[in-house]
Amino acid sequence: EDVSRPASIRIRYTNRKNAAQILDAEGLLATCIQHEIDHLNGKVFVDYVSPVKRSVIRRRMAKAFPDQRKTAVQAQAASLQPRDLNDMDRRVAADVAS
């Protein structure tokens, strides 16, 4: 599925010398810049597809990588300090970590 993006853009940025700059970009450069800005903002391809397609992609990813979700939750639970958790969260974190 294609992501719809403007064909031309104008961006303001600060260069390495901390000087304000403006860049007008068209075509592939404009597309690439918008793509990279999406990543900086935490957006990925599946954020642009329909909910139905997103659901299909998530199911396929879960099937292809069944341990990934549990691993991510374990890592998050391991990084939390006891003072950060209420009683219910402690029980859930302990269950996930074991």
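Each remark here, short or long, concerns the structure printed above.
Parameters and conventions
- Residues numbered from 1 in each chain as written.
- Predicted model: local features only at pLDDT ≥ 70, side-chain atom pairs only at ≥ 80, totals over all residues.
- Heavy atoms only, no water.
- Pairing = 2+ DSSP bridges.
- Helix = DSSP H or I, 4+ residues; strand = E, 2+ residues; numbered from the N terminus.
- Salt bridge = Lys/Arg side-chain N within 4 Å of Asp/Glu carboxyl O.
- Buried < 20%, exposed > 50% of the residue type's maximum accessible area, 1.4 Å probe, protein only.
- Polar contact = N/O pair within 3.5 Å; in protein donor to acceptor, adjacent residues only side chain to side chain.
- Contact = heavy atoms within 4.5 Å.
- Expected span 1.5 Å × (residues − 1).

1. Here we look at the pairing of strand 2 (residues 20-26)
Link 1 in the chain: Examined bridge by bridge, strand 1 (residues 8-14) and strand 2 share seven bridges and lie antiparallel to one another. Its bridge partner lying in strand 2, serine 8 is registered against glutamate 26.
Link 2 in the chain: Connecting strand 1 to the next strand, strand 2, in antiparallel fashion are five residues, including asparagine 18 with a positive phi near 65°.

2. Notes on the pattern of salt bridges
A pair can form between side chains of opposite charge whenever their charged atoms are brought close.
Link 1 in the chain: Tallying each qualifying case throughout the model produces two salt bridges.
Link 2 in the chain: A salt bridge links arginine 5 to aspartate 38, with the shortest nitrogen-to-oxygen separation between them at 2.8 Å. Of this pair, arginine 5 sits in the segment before strand 1 while aspartate 38 sits in helix 1 (residues 27-40), and the two are 33 residues apart along the sequence.
Link 3 in the chain: By relative accessible area, arginine 5 is classed as partly exposed at 23%.

3. Some words on the side chain of glutamine 34
Link 1 in the chain: Within the secondary structure layout, glutamine 34 lies in helix 1.
Link 2 in the chain: On the accessibility criterion, glutamine 34 (13% relative accessible area) is buried.
Link 3 in the chain: Within the structure, glutamine 34 has its side chain in polar contact with the backbone oxygen of proline 6 (distance 3.1 Å).
Link 4 in the chain: Excluding its chain neighbours within four sequence positions, the residues that come into contact with glutamine 34 are Arg5, Pro6 and Ile9.

4. Concerning helix 1
Link 1 in the chain: Compared with the 20 Å implied by 1.5 Å per residue over 14 residues, the 20 Å span of helix 1 between its first and last C-alpha is a close match.
Link 2 in the chain: Glycine 42 sits one or two residues past helix 1 and shows a positive phi near 80°.

5. Side note on the side chain of aspartate 38
Link 1 in the chain: Using a relative accessible area of 12% as the deciding quantity, one classes aspartate 38 as buried.
Link 2 in the chain: Ignoring anything within four residues of it in the chain, the contact list for aspartate 38 reads Arg5, Lys43 and Tyr48.

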